Each structure stands twice: as structure tokens, then as C-alpha cells.
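What follows is the residue order along each chain.
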Amino acid sequence: MNKKILNIAKLIRLAFIKRNALSTYRFGEKVLKDKYFINGDIKNKAQKESVVKRTDVINYLLNFFDTPTYLEIGVRNPDHNYNKVTCKQKYGVDPGLEFGSNPVKFKMTSDVFFEKLSSGDILGKEVKFDVIFIDGLHLADQVERDISNSLKHLSENGFIVLHDCNPPTEFHASETYDYMLSPSQGAWNGTTWKAFAKYRKDLNVHSCCIDTDWGIGIISKTTKLVNVSKVVNPYFEYFIMSENRKETLGLVDFETFCKMINENIHKDIK
Ligand SMILES: C[S@@+](CC[C@H](N)C(=O)[O-])C[C@H]1O[C@@H](n2cnc3c(N)ncnc32)[C@H](O)[C@@H]1O
């Protein structure tokens, strides 16, 4: 009698496992065939395969200065960018949220760093950076603060470079960093684009975005770049940006960017 009950229990358990396996398979199949996931895959591949990377842009700009000073906000694994930046005088800022050893000089958030910099606690009040790479917390209000603080500590003819300004889908532009079941599949640009788009309307600076490696935003105080954006998008809606992507972000390819820089860069730059 006991054996019979045991066998029935075994059969019920097997039926449940089979049912779960079947629904997991069906869910997986649905995901694989889903148009948003398919599009996400295509867009991820295109960005990952882009030939010109952030490091190329940073090194290209640093080359215009005789003895440049470089600052990177958000370093993570320095082998991916920081260590490849060819500059003798360089500094990294990172609170160490994503890379355990966090081998940077300033182990703190960008807000704390700029506060200490402005009060003269670190590096000296007079220090100016020629290229500042903003790639820390990818949320619009933080990026806006990083840009505004960077402008105060940027040399007159220096450049701000921003990663992740051109999210290819709304899922890449989500506010949540760690949700992995999205069609972006872990690739995250956050809402950086909103802060950059705000500065694209600012008449006091020049800006553009190089259409490569998830969108590399450039801001300068003196070198003329792409005309300011006139796109009306008061609530920074993703789809309005996407429909007017070129003007909103000032999109250019790397070749056009180099031409613009060579023609317009301030002659006293060195
Ligand atoms: C996208 S990763 C940086 C990637 C790196 N710049 C590169 O090009 O390979 C973002 C980094 O920003 C750091 N971060 C997060 N919040 C920050 C903040 N408030 N200030 C500065 N860095 C921050 C994280 O710890 C993480 O290491």
C-alpha cells in the first residue's frame, strides 16, 4: 500500500517537472521570437562592433595639448579604458561599486570629489583638466551635475567626453541598472542622454555626439561643434528623442567630427 502511494507521488512530481520544463521552454521560445528582443540583439551587436571606441576619441583630443591633464569619472576595470589613455597626468574617480579592487586615486563619488576639489582639499583649487571623461552613474540628474561641475574645472579650450549618450532602444535607456530580462539584455545606457540633450540646447557651450560605441557626447566651451538643438521635448520623452535623434544629440560620424575639430579648434590650444 505504502509503495503504491510512493509511486503515485513520484508520478505527480514528474508531471510537475515536465510541466515546468515545458513552460520554461515555451517562455524561452517566446523570448527568442519576440521582436523587441530580436531588435535588442541587433542593436547590441552593432554597438559592440563599432570600430571607433571611446578610448580613440579621448586620445585623439588629448593629442591637441602639449602637456594635458586627464580626469575619468567612473573607471571600473581600468584595462577597458583608463590604462589605454595616453596621458602622463591622469586621475580616476570611482566609489568602487562594480570592480572590487577599484585601483583609482580618488575612491569616492564624483559629487564628493568635486566638493573636495572646489574647497582645495585635493589637487589644489587651481587645477584644470583638458579632457574630462564622464562615465560614472548613468542617471540624468547625476550626469547633469557631473557636466556642470566639470565645466568649472575644465581648461578654457578643454573637452568633456561622455559615454552612453545614444541609447539604441528605450530598454537601454531604462532607469534600472540591474534588470537583466529586458530586450537590452544587460546593456545599460541609463538616462545619460537626457542630461546631454539638455546641454545640447545651451547657448553657452558647443556640443555634438559621435555615433559610435553607444554615443560619445562632446562638450566644449570654445570649439564650435554642431548647432544647438531646437527640438521641443520638455519632458525628455524617449520616442521624441528617437524620432529627432540627429538634431537632439547632434549626431556625427567620427570622420566629420575630426574635420570639425581641425577646422574649429582654438588656435591657442597648446
Ligand atoms: C560604466 S562603468 C565605467 C566604465 C569605464 N569608464 C570604461 O570606459 O570602461 C561605471 C563606473 O562608475 C562608477 N560609479 C557609480 N556611481 C558613481 C558616482 N556617483 N561617481 C563616480 N563613479 C560612480 C561605478 O562604480 C562604475 O565603476
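Definitions and cut-offs
Residues numbered from 1 in each chain as written. Predicted model: local features only at pLDDT ≥ 70, side-chain atom pairs only at ≥ 80, totals over all residues. Heavy atoms only, no water. Near = heavy atom within 4 Å. Areas by Shrake-Rupley, 256 points an atom, 1.4 Å probe, with all protein chains shown as cover. Nonpolar A, V, L, I, M, F, W, Y, C, P; charged D, E, K, R; others polar. Helix = DSSP H or I, 4+ residues; strand = E, 2+ residues; numbered from the N terminus. Buried < 20%, exposed > 50% of the residue type's maximum accessible area, 1.4 Å probe, protein only. Contact = heavy atoms within 4.5 Å. Lys, Arg positive; Asp, Glu negative; His and termini not counted. Salt bridge = Lys/Arg side-chain N within 4 Å of Asp/Glu carboxyl O. Polar contact = N/O pair within 3.5 Å; in protein donor to acceptor, adjacent residues only side chain to side chain. Phe/Tyr/Trp six-rings, centres within 6.5 Å; stacked < 30°, edge-to-face > 60°. Core = buried A, V, L, I, M, F, W, Y, C linked by side-chain atoms within 4.5 Å.

### Some remarks on the site of the ligand
Phase 1: The ligand sits among 18 residues. The nearest are Arg54, Gly74, Asp94, Ser110 and Asp135.
Phase 2: Out of a free accessible area of 600 Å², the ligand has 94% covered by protein chains.
Phase 3: Grouping the amino acids of the shell around the ligand by side-chain chemistry returns six nonpolar, six polar and six charged.

### So, the environment of Ile147
Phase 1: Structurally, Ile147 can be placed in helix 5 (residues 140-152).
Phase 2: Take Ile147: its relative accessible area is 0%, and that puts it in the buried class.
Phase 3: Residues Ile147 and Ile219, 72 residues apart in the sequence, show an inter-C-alpha distance of 8.8 Å.
Phase 4: Residues contacting Ile147, with those up to four places away along its chain left out, are Ile134, Ile160, Leu162, Ala195, Tyr199 and Ile219.

### Some points on unusual backbone geometry
Phase 1: Although it is not a glycine, Gln185 sits at a positive phi angle of roughly 50°.
Phase 2: Secondary-structure assignment places Gln185 in the loop between strand 4 (154-162) and helix 6 (192-199).
Phase 3: The class of Gln185 is partly exposed, set by a relative accessible area of 39%.
Phase 4: Residues other than glycine seldom take positive phi values, yet Trp214 does so here, at roughly 70°.
Phase 5: Relative to the elements of secondary structure, Trp214 occurs in the loop between strand 5 (206-210) and strand 6 (216-220).

### Observations regarding the side chain of Glu72
Phase 1: Note that Glu72 resides in strand 1 (residues 69-73).
Phase 2: The side chain of Glu72 is buried and forms no salt bridge, while Arg54, the nearest opposite charge, is found at 6.5 Å.
Phase 3: In terms of polar contacts, Glu72 uses its side chain to reach the side chain of Asn81, at 2.7 Å.
Phase 4: Discounting chain neighbours no more than four positions away, the residues touching Glu72 are Asn81, Tyr82, Tyr91, Gly92, Val93 and Phe133.

### Some remarks on the packing of aromatic side chains
Phase 1: The tally for this structure, following the rule as stated, stands at 14 aromatic pairs.
Phase 2: Considering the side-chain rings of Phe254 and Phe257, the 6.3 Å spacing of their centres and the 25° angle between planes classify their relative orientation as stacked. Of this pair, Phe254 and Phe257 both sit in helix 9 (residues 254-264), three residues apart, roughly one helical turn.
Phase 3: Taken together, Tyr91, Phe106, Phe113, Phe114 and Phe129 form an aromatic cluster joined through their ring pairs.

### A look at the nonpolar core
Phase 1: Within the largest apolar cluster, 34 residues are counted, with the highest numbers of intra-cluster contacts made by Leu71, Phe113, Ile147, Leu162 and Ile219.
Phase 2: Breaking this core down by element, the ones donating at least two residues are strand 1, strand 2 (89-93), helix 4 (110-118), strand 3 (129-134), helix 5, strand 4, helix 6 and helix 7 (238-243).
Phase 3: If one sorts the elements of this core by residue count, helix 6 sits on top with five residues.
Phase 4: With 29 residues, the next largest nonpolar core counts Val52, Phe64, Cys208 and Met260 among its residues.

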